[in-house]
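# Structural description and commentary
Residue strings, one per chain:
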Amino acid sequence: NTTNGGTTWTAQTSATGLGLNGVYFVDANTGWCVGRNGVIQTTSNGGTTWTLQTSSGGVWLNDVHFANSTTGWAVGQTGQIEHTSNGGTTWTTQANPTGSTAELRDVHFIDANTGWIVGEGSTVYHTTNGGTTWTSQTGAAGVYWGIYFIDSNNGWAVGNAAAIMHTTNGGTTWTAQTPPMGATSNLAKVHFVNATHGWAVGDNSGIFHTSSGGLPVELTNF
């Protein structure tokens, strides 16, 4: 945990000894972590203490995202998609639209209804009803590990071999963006604060920044 923008960090005590892969907070106090063997834990005091929750699938979970303090999703191996509408007190499995067992790596929602998932096997899934049904989007060929949308139209997906894809129509079509100069390693996560300023991270300690929505002239490697 940090309270000074990362100048210093303080170790927190996990409620489990299992490895953790994803974390998400809806405010300074309320958050969740997910990881191996379907572990899910939550905090209501900024991580001072964590409490285990029970997942429905029990498989390795890679990422978690909440639209608000009650409504959230977790994704992981074998195409697992889990959903909660009560802050994680209970989790239920949502149907993968194709029945695929490809590993899912990242999930992002812009509200309680509209979200996307990416993973192995060129997988990009999209929902407009909170995950009751998912549809496969085309045009994002490759293996993608991270996805982020700033609104219902504009989003980015990153993945193997420094792949960066961008959409301006909610994922109906995707356009490849030029990777940062010299970047060849896998990109694992992407995050934007508005339509122009964003960051991507990946293998070999790569941290990349754009101030032009991903146009290559502005991409900087830190």
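Quantities reported herein were computed from a predicted structural model and do not represent experimental measurements. (Residues numbered from 1 in each chain as written. Predicted model: local features only at pLDDT ≥ 70, side-chain atom pairs only at ≥ 80, totals over all residues. Heavy atoms only, no water.)

### Some details on the nonpolar core
Quick reminder of the rule: Definition of nonpolar core: a set of buried residues of the types Ala, Val, Leu, Ile, Met, Phe, Trp, Tyr and Cys, connected through side-chain atoms within 4.5 Å. Relative accessible area decides the class of each residue, using a 1.4 Å probe on protein chains only: under 20% of the type maximum gives buried, over 50% gives exposed, and in between gives partly exposed.
Of all hydrophobic cores here, the largest spans 11 residues; its members are Tyr148, Trp156, Val158, Ala162, Ile164, Ala183, Leu187, Val190, Phe192, Ala200 and Phe208. Trp116, Val118, Met165 and Trp174 belong to the second largest nonpolar core, which has 10 residues in total.

### Here's the deal with the pairing of strand 6 (residues 72-76)
For clarity, the threshold we go by: Helix and strand assignments come from DSSP, with helices taken as H or I runs of at least 4 residues and strands as E runs of at least 2, each series counted from the N terminus. Note: two strands are recorded as paired if DSSP finds a minimum of 2 bridges between them.
Extensive coverage of strand 6 is indicated by the burial of five of its five residues. With burial as the criterion, each face of strand 6 is covered, one bearing Gly72, Ala74 and Gly76 and the other bearing Trp73 and Val75. By the bridge criterion, five bridges tie strand 5 (residues 61-66) to strand 6 in an arrangement that is antiparallel. Following the sheet pairing, phenylalanine 66 is matched in strand 6 by glycine 72. Hairpin connection between strand 5 and strand 6: a loop of five residues separates the two successive antiparallel strands. Note that strand 6 and strand 7 (residues 81-84) share four bridges and pair antiparallel. Bridged to tryptophan 73 within strand 7 is histidine 83.

### Points about unusual backbone geometry
Non-glycine residue alanine 161 carries a positive phi angle of around 55°. For alanine 161, a relative accessible area of 54% corresponds to the exposed category. Even without being glycine, alanine 162 reaches a positive phi, approximately 60°. Tracing the backbone through its elements, the reader meets alanine 162 in the loop between strand 14 (155-159) and strand 15 (164-167).

### Describing the pattern of salt bridges
Rule in force here: Salt bridges, as used here, are contacts in which a Lys or Arg side-chain nitrogen is within 4 Å of a carboxyl oxygen on Asp or Glu.
Tallying each qualifying case throughout the model produces four salt bridges. Between aspartate 63 and lysine 189 there is a salt bridge, with the nearest N and O atoms lying 3.1 Å from each other. Residue aspartate 63 is found in strand 5, and its partner lysine 189 is found in strand 17 (residues 187-192); the two are separated by 126 residues along the sequence. For lysine 189, the salt bridge goes to aspartate 106, with nearest N and O atoms at 2.9 Å. Residue lysine 189 is found in strand 17, and its partner aspartate 106 is found in strand 9 (residues 104-109); the two are separated by 83 residues along the sequence. Lysine 189 gets classed as partly exposed once you look at its relative accessible area, which sits at 30%.

### A closer look at the sheet that holds strand 3 (residues 40-43)
Rules: To obtain an axis, a line is fitted to C-alpha atoms, over the contacting stretch when the element is a helix, and the angle between two such axes runs from 0 to 180 degrees between their N-to-C directions.
Taken in spatial order, the four strands line up as 1-2-3-4 in an open sheet, and their pairing is antiparallel. Of all the strands in the sheet, the pair left with one neighbour each is strand 1 (20-25) and strand 4 (51-53). Sheet twist, expressed as the mean angle between neighbouring strand axes with direction ignored, is 25°. Bridge count between strand 3 and strand 4: three bridges; the pairing is antiparallel. By the bridge assignment for strand 4, threonine 42 is matched with threonine 51.

### Details of the environment of asparagine 29
Going by this rule: The criterion used for residue contact is that any of the two residues' heavy atoms lie within 4.5 Å.
On the secondary structure map, asparagine 29 appears in the loop between strand 1 and strand 2 (31-35). With a relative accessible area of 40%, asparagine 29 lands in the partly exposed category. Placed 14 residues apart in sequence, asparagine 29 and threonine 43 show a C-alpha to C-alpha distance of 7.0 Å. Residue contacts for asparagine 29: discarding those within four places in its chain leaves Thr43, Ser44, Asn45 and Gly46.

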